[in-house]
Amino acid sequence: MSTHLAAMSQAQGQPFELQTRTTPKPGPNELLIAIKSIALNPADVIMRNEGLFISTYPTVLGFDMAGLVLETGAKVPKTFQPNITRVAAYASSVWKGCNENYGPFQEKCLVPWQHAAPLPDGDISWNEAATFPVAVQVPLSAWDAMNIPRVGEPLSTLSNSIEKKEALLIWGASSSVGSMGVQTARLLREDPGSAFAAVYATSGAGNMEYISSLGADRAFNYKDLGGY
């Protein structure tokens, strides 16, 4: 029986306790991932301190991770190869009743394959990859909530000509989510099937050049009325 170490949350507001857990087997649509890096975000702190989303203890927390695929379920696409495929992944623990098998604050955890993205060959480190999941998921969910078609999807099936006259505003664009929001908005602006002609963004004065380099057509200091 394989085991691994986990940082267990035993009760609301209590420090984590390092414990040994039995390593679970992946279900038909799941991956077993060896966690190489995790990224912290405010939701992790709120869950630990206030018990948000947690119905029973003990549990394992976390959202963002990067790691190596160890095992795959029977229905997982062949894209995911054990001991070969590196992934960035978004934990499903909140949707699994905070079952401890699905939290990434441990050496190994389960992830639905739909929550994982294979990493390209190159120089992306584990730490860099772990910052992707929530940062990518939030702006994409925002575009979906606003009924904005994804890149490559036609805005309208009734017309072959799209008038580009809309603009997207990213507020707080220097954060991880905001940075990804600017970049995905830039892709929408460049898409011939999108109605967006410009990307505007706000940040503090020190980050205006940075968000402009990501693709914002104009950056605004949220503390004044000027632009960059």
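Cut-off values and rules
Residues numbered from 1 in each chain as written. Predicted model: local features only at pLDDT ≥ 70, side-chain atom pairs only at ≥ 80, totals over all residues. Heavy atoms only, no water. UniProt positions renumbered as here; feature names shortened; annotations may be inferred. Helix = DSSP H or I, 4+ residues; strand = E, 2+ residues; numbered from the N terminus. Buried < 20%, exposed > 50% of the residue type's maximum accessible area, 1.4 Å probe, protein only. Contact = heavy atoms within 4.5 Å. Areas by Shrake-Rupley, 256 points an atom, 1.4 Å probe, with all protein chains shown as cover. Lys, Arg positive; Asp, Glu negative; His and termini not counted. Charge placed at Lys NZ, Arg CZ, Asp CG, Glu CD.

Named according to an unreviewed UniProt entry, the protein chain is GroES-like protein originating from Penicillium citrinum. The UniProt entry for the protein chain carries this comment under Sequence similarities (unreviewed entry): "Belongs to the zinc-containing alcohol dehydrogenase family."

Asks: Talk me through the overall build of the protein chain; I want residue IDs and the actual numbers.
Replies: If you tally the helices and strands in the protein chain, you get 5 helices and 10 strands. Dimensions of the protein chain along its principal axes, counting C-alpha atoms only, are 60 × 40 × 35 Å. A burial count over the protein chain gives 43% of its 228 residues as buried. Summarising the internal contacts of the protein chain: among those between residues at least 6 apart in sequence, 65% fall at separations of at least 24. For the protein chain, the exposed area adds up to about 12100 Å²; of that, 54% sits on carbon and sulfur atoms. Averaged over its 16 positive side-chain charges, the protein chain has a centre that lies 4 Å from the centre of its 20 negative ones.

Asks: Run through the environment of Glu 17, naming residues and quoting values.
Replies: Among the structural elements, Glu 17 can be located in strand E2 (residues 17-22). Look at Glu 17 and you get partly exposed, because its relative accessible area is 39%. Counting along the chain gives 104 residues from Glu 17 to Asp 121, while the straight-line C-alpha distance between them is 36 Å. In this view, Glu 17 contacts Ala 6, Ala 7, Met 8 and Gln 10; residues no more than four positions away in its chain are not counted.

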